[in-house]
Amino acid sequence: MKTIIIYCSKYGYTEACVKSIADKLDGDASFVNICNEKIPHIDEFDNIIIGGSIYMGQIQKKIKLYCSENMEMLLTKRLALFLCCGLPENFMKYVKTAFPEELLTKAVAKECFGGELRTGKMNLTDKMITGLMKKAADKEGKSEPMPIPGNIKKLAEIINSQRK
Ligand SMILES: Cc1cc2nc3c(=O)[nH]c(=O)nc-3n(C[C@H](O)[C@H](O)[C@H](O)COP(=O)(O)O)c2cc1C
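Residues numbered from 1 in each chain as written. Predicted model: local features only at pLDDT ≥ 70, side-chain atom pairs only at ≥ 80, totals over all residues. Heavy atoms only, no water.

(A) Fine view of the site of the ligand. Taken together, 24 residues form the shell around the ligand, and within it S9, T14, I54, Y55 and E116 come nearest. Here Y13 contributes a backbone N or O atom positioned 3.1 Å from an oxygen atom of the ligand. Between T14 and the ligand, the recorded distance is 2.6 Å, taken from a side-chain N or O atom to an oxygen atom. The protein chains hide 96% of the 640 Å² of surface that the ligand would expose on its own. Of all the secondary-structure elements, those providing two or more residues to the shell around the ligand are α1 (13-24) and α6 (124-139). Here the shell around the ligand gets four residues from one element, more than from any other, and that element is α6. For the shell around the ligand, the residue count by class is 13 nonpolar, eight polar and three charged. (Near = heavy atom within 4 Å. Polar contact = N/O pair within 3.5 Å; in protein donor to acceptor, adjacent residues only side chain to side chain. Areas by Shrake-Rupley, 256 points an atom, 1.4 Å probe, with all protein chains shown as cover. Helix = DSSP H or I, 4+ residues; strand = E, 2+ residues; numbered from the N terminus. Nonpolar A, V, L, I, M, F, W, Y, C, P; charged D, E, K, R; others polar.)

(B) Broad picture of the nonpolar core. One finds I6, I42, I50, L74, L83 and F99 to be the most contacted residues of the largest nonpolar core, which totals 30 residues. Counting residues per element, the ones that place at least two in this core are β1 (2-7), β3 (47-53), α2 (61-69), α3 (71-74), β4 (78-84), α4 (91-98) and α5 (101-106). Y13, C17, L25 and I152 belong to the second-largest nonpolar core, a separate cluster that totals 19 residues. (Core = buried A, V, L, I, M, F, W, Y, C linked by side-chain atoms within 4.5 Å. Buried < 20%, exposed > 50% of the residue type's maximum accessible area, 1.4 Å probe, protein only.)

(C) Spotlight on the pattern of salt bridges. As enumerated under the stated definition, the model contains nine salt bridges in all. What you see here is one network of salt bridges that share partners, running through E89, E140 and K142. (Salt bridge = Lys/Arg side-chain N within 4 Å of Asp/Glu carboxyl O.)

(D) Local environment of the state of the cysteines. Counted by the stated rule, this structure contains one disulfide. Not part of a disulfide, C17 finds its nearest cysteine sulfur in C84, a span of 4.0 Å. Cysteine C85 is unpaired, with the sulfur of C112 as its nearest cysteine sulfur at 3.8 Å. Accessibility expressed as a relative area gives 4% for C85, which makes it buried. (Disulfide = S-S within 2.5 Å.)

(E) Local environment of the pairing of strand β2 (residues 28-33). Relative to β2, β1 runs parallel, the two sharing six bridges. Opposite I5, over in β2, you have F31 as the bridge partner. Regarding the hand of the β-α-β motif, the stretch spanning β1, α1 and β2 is right-handed. (Pairing = 2+ DSSP bridges. Right-handed = clockwise from strand over helix to strand, strands pointing away.)

(F) The arrangement of the packing of aromatic side chains in detail. Counted by the stated rule, this structure contains one aromatic pair. On the numbers, 4.7 Å between centres and 15° between planes, the contact of F82 with F113 is stacked. Taken together, the positions of F82 in strand β4 and F113 in the loop between β5 (109-112) and α6 put the pair 31 residues apart, joining distant regions of the chain. Assessed through its relative accessible area of 1%, F82 is described here as buried. The side chain of K2 reaches across the aromatic face of F45, ending 5.4 Å from its centre. Sitting above the plane of the Y55 ring, K10 keeps its charged end 5.2 Å from the centroid. (Phe/Tyr/Trp six-rings, centres within 6.5 Å; stacked < 30°, edge-to-face > 60°. Lys NZ or Arg CZ within 6 Å of the ring centre and 35° of its normal.)

Given below as structure tokens:
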């Protein structure tokens, strides 16, 4: 079984999730950050996992573009989708904006991996937005973004259970 994980990550949380899924998958698993690496040929892969992180309600543009430009090919593969975000309660809303309906229907798994605010690595604008988000969350008594490792495990288990 060969799997490729296609993703974008701005400050590394999504990338850490991707490495964790790859470790848990049976067979060969590779991954590529299409925001800064060359998009590979994916004919040889049985499984394609696609995901990214949410910024101001949106997934990275390159993920959206990749999905729409490769729709026909993606519909012939076993597909799983995931998002990293600070507000997992909005997952259903985000996932519908992030991925085309055809892919959402085709996917064997759609998971939310939660999020992390890695302020040490952030540019000034993102640091300021993060500060505002934290204040708003405090006011509403909400906790800071948290990883959801159980959903990473779940996605890997779903893929492994569908083995040919
Ligand atoms: C500037 C900024 C905007 C964000 N906007 C949202 C948002 O609209 N909704 C949400 O749920 N999380 C939001 N987040 C949280 C990120 O999705 C979360 O930190 C995620 O783990 C980032 O992953 P990455 O490090 O792989 O890019 C935002 C974070 C930053 C820094």
